[in-house]
Each structure stands twice: as structure tokens, then as C-alpha cells.
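Breakdown of the fold
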Amino acid sequence: MTTWVQFWQTFQEVFRYTWAHMVWINLVLAIIIIFFQRKEAKSAWAWLLALNVLPGLGFLMYLLAGTDMHKRKMFKIKGIEEQINDAVRRQEYSVKSRELEQENPDLKDFSDLVFFNLESAGCMISGDNAVEIFTDGNDKFDALIEDIKNAESYIFLQYYIIKDDVLFQRIREALLEKAAQGVEIRILYDAMGCRSVGKHFWKEMEKQGIHVAVFFPALFGRLHLRVNYRNHRKIAVIDGKVAYVGGFNIGKEYIGLDPKFGHWRDTHLRICGSAVGGLLLRYIQDWDYAARENLFENPKYFILPEEKAGNVKMQIISSGPDSELQSIRDNYLRLIHKAKKSIYIQTPYFIPDESIQTALLMATMSGVEVNLMFPCKPDHPFVYWATLSYVGELIMAGANCYTYDNGFLHAKGLSIDGKACCYGTANMDIRSFALNFEVNAMIFDQNIAGEMERIFRDWPVHLRQESESRHFRFRPAACMTMYTEQGWRWQRSPDILQELQRKPEGVQKHPQDLLKDLQRREAGN
């Protein structure tokens, strides 16, 4: 009892001292924000406003969500850093000297992007890969469990969300069977994403021989001091031969068993070939940071593939708040600027920064066909409303914007001209670009990019053939925001929705023309 009294008295003294000097504390934080942290002007002004308008609360908010991680070297490549740097330099020379183009003529249009990813993020390119695309969670997890059952040496899993439900029970059975056979198993999870799972769950896994590590663990089990920075990566590596990366987490909703979301539409890649090494490297760096265990010292993890798996050329790109550059965002930006004919984007959240939004608007107004698909239902309402405002601007410029109405869309990626695509864990939003730890596969292959675009285009036809209702159609809900900004009456916006829905074969009139029709009708009233 005496201890608690002393603690409370000490806390009161610290609080009174902090409050009495809050003006000076805010001044110091303001100086740090302006002169020592490379924040965008909007972000800097927002934090300065919070510090001054909400002195105490603003200070706590800054400690929880505003601290800058750019100057921290979180992830280290212990033991093989020199070899990796040498390999990157050799590939850079190969691109500069045109050797890469001569050996791979289909990379001619993208050699500058390959070099950019090498120079900015050290992303090595490999050309011996095979890729399998999954859009349904049942198919993806059936394949993953089968690969787990065939594992001989090790199984590394990393997911943002892992739930103790029917899906993970299936995975756990396969993992425990392999653990009993002596296969090394490691699971890395994010504390915020897995906050619904108690510590006893992970302790039970450890008792059964499975190594477990948590990224940014919560203080006292509940208090997340780094709530703004999450490890959003979803990686599986098995024996260094097979790897998975994409949008599926582990939970029953991802296999369509949650009635709130219905069918879950996502995109996940199964990769064989040298690119597996890029995902393995990413996993080991994350594990080293979370578990303080250097796996680079063990050569058994780094075994080159004996046979060529395929011909797909690929770079594995990682990004996070610890880096000065937003590598995945910059890669997206370069792809958008390189597009000559078409751009296809799928994302559950569309809140791009100014550079991405401007690039898409410029592409649309330059005659490039810009196609955007996002969900019809919000899992985060405020984020969804923000999405609609950005979508409305694209619609006004002439982009084709669709909602996926047969459940929930969680796919994350971009494809251009049927030649190259980038898919993985990063949403098309500011959080994924700047605050989350993400990983994507940049693929230079006409077959894979073409397949991604075919999947995008074929879904409306496929769904209309299966059902009389049009699950996949243009929805001009975002235009409502534009009406308000233009001074048009909000209640008239359903007129366009009804006009579009009367078209039995989909949208036959350009959205901009429909908006002009509405404006003319408004002027005549």
C-alpha cells in the first residue's frame, strides 16, 4: 500500500512539474518539428496547432503518434551486408551499361525503373521466377497449408493480423505436425494487428516448439506507444523455395466466413525462384529487430534454387517510416508516369498523397485510360468517406471508377499497359506510403501484368453471368461530394445513380457527360 502511495505522490509531482513547464516543452517540440524532423508542411502545421490548442493532450498525442522514425536504422543486415551491397552495385552497372537490356529486351522500357529501385532501396532484380496469383482466400490458404506440409527445413510466417479462429486452427494443425518432425517454425506478428489475441495463445505455441516474436509490443500488454507505426507485411517463406506475399491476413473473414463482409476479394502471390530470397531477407531483418536474434549467421537459410522456376522478372520492394524515401510510393509514381495506354488500380483505401493524385489526373487528361476499383462497403467509415472525395476528383477528370459489390475488395496493386505490375501489402493511401512497414513485388512480365488486368476486367462480366444483380458496376456516389463543391444540390445526385442503373449493359455514357446533363437541368430549374 505504501508503494502505491509513493508512486501516486511521485506521479502527481511529475504531472505538476510538466504542466507548469508545458509552454517550454511545447516550444522545444515545435523547434524539433520545424528544424529537425522532415515533416510535410501540412503535417508540421497540424502538430503545431495541436501543441498550442491542446497543450497537455497535444503533447501526449505527439508522443504516441508524432515521433519521427526516419533517423533510426531499425533493420540491419548482419554478416552479409557487404555481399548484398556488392550484388546491388553489379546490377546497377549492368543496367547502366545496357547489359540488362541486351539480355532482357522486354525490360527496355523499364530499365530506368529497375535502376531507380536498385539505387533508392537496394532492390535486386531476378529473372528466374514463377508466379501464381490467388484472388480467393480458400485457394490461397489451401496452397499455403500444402506447402507447409511439404516443408523439410523451415517455415517462416509473418502476418499483420492473426486470429485464433477456424482458419488458424487449420494452419496450426499443419504447423504442429511439422514441428513434431523437427522443422523449424517461426511466427512474427504485429502487436496492434493481433491485439485481440492474448499472450497465453502465443505462449502455448512456444510450448509446442514454435518460435514467436512480436513487432512493437504493447506496454503492459495493452498500451500501444507506437500506434501510428504498424508492420503491415504479410510474408511466408518455406525452405527458401516458396514464398507468399499479398493482402490476405489470417482470419475467417479472409475466406468469406464473416457475414459482415461476405465474399473477400484479395490478391496474393505465390512465388518460386530467386525472388524468394528477397522476401526471406525482408523477413529475417524484421525478425532480427523484433526478437533480437540474428538469423543471418545460419547459412542453411540462404540456399540458391537448383533449377530455374520460370522467366518472370521481379524486384521485392520494402518501405517503412524508418526510411527517408517512400520506396513503394515512389515506385507507383514512376509506373503511373510511364503508362502510355492504361492504368489499373485496386485498393481497399484510396487516399493518395498529392503527388499520386496529381499523376493520375495528369495521366487521365493525357488520354491514358485510368481504371480504379475500390470496395462498395466501408470497414472504416471515415477512411471510406475520404476515399470518395479523391475518387470524385478522378471521375471529374474522366477516369473509370468502380466499386466491388460482391463482398469486400482488399486487393492492393497497380498494373500499366499490360506490361508491368506491382502487388503486395501496400494500400494506395498515405498511411501505407509513409507510416506502415510494407512489402510489394514489382513484376516486369506481360503475362502476369496481363493476367492482373484480365482479372480486373473480367470480374463484372463473370459476376453478371452468375447473378442477375450487377455486383460490379460504376457507382457515382463520389460525385455527390463534387456536386456540393460546385454548389449543386446534394439531393439531386441520386438522379445520376438511377440513370446509370437503368443501363442494362453497364455504363454507356461517360460520367462527365452525365454531370454536364445534371448541371444543365439545374440551370433550367
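Keep in mind it's a predicted model, so treat the numbers as computed, not measured.

Cut-offs used in this document
Residues numbered from 1 in each chain as written. Predicted model: local features only at pLDDT ≥ 70, side-chain atom pairs only at ≥ 80, totals over all residues. Heavy atoms only, no water. Helix = DSSP H or I, 4+ residues; strand = E, 2+ residues; numbered from the N terminus. Buried < 20%, exposed > 50% of the residue type's maximum accessible area, 1.4 Å probe, protein only. Contact = heavy atoms within 4.5 Å. Areas by Shrake-Rupley, 256 points an atom, 1.4 Å probe, with all protein chains shown as cover. Salt bridge = Lys/Arg side-chain N within 4 Å of Asp/Glu carboxyl O. Axes fitted to C-alpha atoms, helices over the stretch in contact; angles between N-to-C directions. Parallel < 35°, antiparallel > 145°, perpendicular 65-115°, else oblique. Nonpolar A, V, L, I, M, F, W, Y, C, P; charged D, E, K, R; others polar. Pairing = 2+ DSSP bridges. Right-handed = clockwise from strand over helix to strand, strands pointing away. Polar contact = N/O pair within 3.5 Å; in protein donor to acceptor, adjacent residues only side chain to side chain. Lys, Arg positive; Asp, Glu negative; His and termini not counted. Expected span 1.5 Å × (residues − 1).

**Looking at the overall build of the protein chain**
Per the secondary structure count, the protein chain includes 19 helices and 18 strands. In the protein chain, which comprises 525 residues, the proportion classed as buried is 54%. Partitioning the intrachain contacts of the protein chain with sequence separation of at least 6 by distance along the chain shows that 78% fall at a separation of at least 24. For the protein chain, the exposed surface amounts to about 25,100 Å²; the carbon and sulfur share of it is 54%.

**So, the pattern of salt bridges**
A complete count under the given rule lists 19 salt bridges for this structure. Two residues, Glu92 and Arg89, come together in a salt bridge whose shortest N-O distance is 2.9 Å. Placement of both Glu92 and Arg89 in helix H5 (residues 81–96) is noted, with a separation of three residues, approximately one turn of the helix. Arg89 sits in the partly exposed class, given a relative accessible area of 41%. Salt bridges linked by common partners bring Glu184, Arg186, Glu293 and Lys300 together as one network.

**Digging into the packing of helix H12 (residues 327–338) against helix H13 (residues 354–365)**
Put simply, H12 and H13 touch, their axes get as near as 9 Å, and they point 10° apart. Relative to H13, the element H12 is oriented roughly parallel. Of the residues in H13, those in contact with Arg329, Tyr332, Leu333, Ile336 and His337 of H12 are Ser355, Ile356, Ala359, Leu360 and Ala363. By residue class, the composition of the contact of H12 with H13 is seven nonpolar, two polar and one charged.

**Description of the pairing of strand S3 (residues 184–190)**
Of all seven residues in S3, seven are buried, a share of seventy percent or more. The side-chain alternation of S3 yields two buried faces, one formed by Glu184, Arg186, Leu188 and Asp190 and the other by Ile185, Ile187 and Tyr189. Relative to S3, strand S2 (residues 154–159) runs parallel, the two sharing six bridges. Bridge pairing links Ile155 to Ile185 in S3. Since S2 and S3 lie parallel, the crossover through helix H9 (residues 166–180) that links them has a hand, and here it is right-handed. Of the strand pairs in this sheet, S3 and strand S4 (residues 211–215) are connected by five bridges, and their pairing is parallel. Of the residues in S4, the one forming a bridge with Leu188 is Ala213. In this fold, S3 hands off to helix H10 (residues 199–207), which returns the chain to S4; that crossover is right-handed.

**A short note on the pairing of strand S5 (residues 235–238)**
Alternating residues of S5 divide into Ile235 and Val237 and Ala236 and Ile238, and every residue in both groups is buried. In the sheet, S2 pairs with S5 via four bridges, with the strands oriented antiparallel. Within S5, the position partnered with Gln158 by the bridge is Ile235. The pairing of S5 with strand S6 (residues 242–246) spans four bridges and is antiparallel. Each residue of the ladder has a partner; that of Ala236, found in S6, is Tyr244.

**A few points about the side chain of Glu184**
Secondary-structure assignment places Glu184 in strand S3. In this structure the side chain of Glu184 is engaged in a polar contact, spanning 2.8 Å, whose partner is the side chain of Lys300. For Glu184, the side chain forms a polar contact with the side chain of Tyr301, separated by 2.5 Å. In this structure Glu184 touches Ser153, Tyr154, Ile155, Phe156, His211, Lys300 and Tyr301, once residues within four positions along its chain are discounted.

**Focus on the side chain of Asp258**
Relative to the helices and strands, Asp258 resides in the loop between S6 and strand S7 (264–272). We note that Asp258 is buried and unpaired, the nearest opposite charge coming from Lys163 at a distance of 5.9 Å. Separated by 3.0 Å, the side chain of Asp258 and the backbone nitrogen of Lys260 make a polar contact. In this structure, Asp258 is in contact with Lys252 and Glu253, ignoring residues within four places of it in sequence.

**Some thoughts on unusual backbone geometry**
Positive phi, normally seen in glycine, also occurs at Arg292, with a value near 55°. With respect to the helices and strands, Arg292 occurs in the loop between helix H11 (275–291) and strand S8 (312–319). Of note in this structure, Asp417 is not a glycine but carries a positive phi near 55°. With respect to the helices, strands and loops of the structure, Asp417 is situated in the loop between strand S14 (413–416) and strand S15 (420–424). We classify Asp417 as buried; its relative accessible area is 17%.

**Let's talk about H13**
With twelve residues, H13 should cover 16 Å at 1.5 Å per step; its first-to-last C-alpha distance of 16 Å lies within 8% of that length. Turning to H13, its buried residues are Ile356, Gln357, Ala359, Leu360, Leu361, Ala363 and Thr364. Positive phi shows up at Gly367, right after H13, with a value of about 95°.

**A closer look at the environment of Ala363**
Inspection of the secondary structure assignment puts Ala363 in helix H13. Sequence-wise, Ala363 and Ser342 are 21 residues apart; in three dimensions their C-alpha atoms are separated by 8.9 Å. Apart from residues lying up to four places away in sequence, Ala363 is in contact with Ile336, Ile343, Val368 and Val370.

**Details of the environment of Asn249**
With respect to the element layout, Asn249 can be found in the loop between S6 and S7. Classification of Asn249 by relative accessible area gives buried; the value is 2%. Sequence-wise, Asn249 and Lys234 are 15 residues apart; in three dimensions their C-alpha atoms are separated by 6.9 Å. Within the structure, Asn249 has its side chain in polar contact with the backbone nitrogen of Tyr160 (distance 3.4 Å).

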